[in-house]
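These are the residues of each chain, in order.
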Amino acid sequence: MPKGYWVSCYREVKDPEALAAYAELAGPAVAQHGGRMLARGGQVTAYEAGLANRTVVIEFDSYDQALAARESDEYAAALERLEGAVVRDFRVVEGV
């Protein structure tokens, strides 16, 4: 069964304090659903149309598990803290 991944590329962080409050809830929500952080922040070199901004990659044992984590009540609570604080491109991607 292919793994599932969350990929978040932050285009703009408008409120760093709200992002930190989101992270406090999102981290445990991700872990509770079996997610493992592969990349968070750090160096980014962007090519083509990409932006060298904050990027986060989280791995789950399956695509369905990644979707379930995204739709969970625990993660919904984290998202409430993030509302209006960032502009990001968030995707759930199936591995090969």
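Look up a bit, the structure's there.
Heads up: these notes are all about the structure in this document. (Residues numbered from 1 in each chain as written. Predicted model: local features only at pLDDT ≥ 70, side-chain atom pairs only at ≥ 80, totals over all residues. Heavy atoms only, no water.)

Attention now goes to the overall build of the protein. Secondary structure summary: the protein contains three helices and four strands in total. The C-alpha extent of the protein, read off along each of the three principal axes, is 35 × 30 × 15 Å. Considering only intrachain contacts with a sequence separation of at least 6, the fraction spanning at least 24 residues in the protein is 78%. Put simply, the protein shows about 6100 Å² of open surface, and 49% of that area lies on carbon and sulfur atoms. On the protein, the mean spot of the 10 positive side-chain charges and the mean spot of the 15 negative ones are 4 Å from each other. (Helix = DSSP H or I, 4+ residues; strand = E, 2+ residues; numbered from the N terminus. Contact = heavy atoms within 4.5 Å. Areas by Shrake-Rupley, 256 points an atom, 1.4 Å probe, with all protein chains shown as cover. Lys, Arg positive; Asp, Glu negative; His and termini not counted. Charge placed at Lys NZ, Arg CZ, Asp CG, Glu CD.)

Below, the discussion takes up the pairing of strand β1 (residues 4–13). Sheet analysis places β1 next to strand β3 (residues 55–60), joined by six bridges and oriented antiparallel. The residue bridging tyrosine 5 from the neighbouring strand is glutamate 59, located in β3. Of the pairings in the sheet, the one linking β1 to strand β4 (residues 86–94) comprises nine bridges and is antiparallel in character. Paired with valine 7 across the two strands is arginine 91, which belongs to β4. (Pairing = 2+ DSSP bridges.)

With 17 residues, helix α1 (residues 16–32) should reach 24 Å at 1.5 Å per residue; the first-to-last C-alpha distance of 24 Å fits that figure. Along α1, the helix axis deviates most sharply at alanine 23, where the bend reaches about 25°. All of the buried residues in α1 are Ala18, Leu19, Ala21, Tyr22, Ala26, Ala29 and Val30. As for α1, its buried residues are in contact with β1, β3, α3 (73–82) and β4. Sitting at the amino-terminal end of α1 is aspartate 15, which places a side-chain oxygen 3.1 Å from the backbone nitrogen of glutamate 17. Taken from the residues just after α1, glycine 34 is the one with a positive phi, measuring 85°. (Expected span 1.5 Å × (residues − 1). Bend = angle between axes of the 7 residues up to and from the residue. Buried < 20%, exposed > 50% of the residue type's maximum accessible area, 1.4 Å probe, protein only. Polar contact = N/O pair within 3.5 Å; in protein donor to acceptor, adjacent residues only side chain to side chain.)

Attention now moves to the pattern of salt bridges. In the structure shown here, the tally under the stated rule is four salt bridges. One salt bridge connects arginine 36 with glutamate 59, and the closest N-O pair in it is separated by 3.3 Å. One end of the pair, arginine 36, is in strand β2 (residues 36–40); the other, glutamate 59, is in strand β3, and 23 residues separate them in sequence. Owing to a relative accessible area of 31%, arginine 36 belongs among the partly exposed residues under this scheme. On the accessibility criterion, glutamate 59 (12% relative accessible area) is buried. As a salt-bridge pair, arginine 36 and aspartate 61 come within 2.9 Å of each other at their nearest N and O atoms. With arginine 36 in strand β2 and aspartate 61 in the loop between β3 and α2 (63–70), this residue pair connects regions lying 25 residues apart in the sequence. (Salt bridge = Lys/Arg side-chain N within 4 Å of Asp/Glu carboxyl O.)

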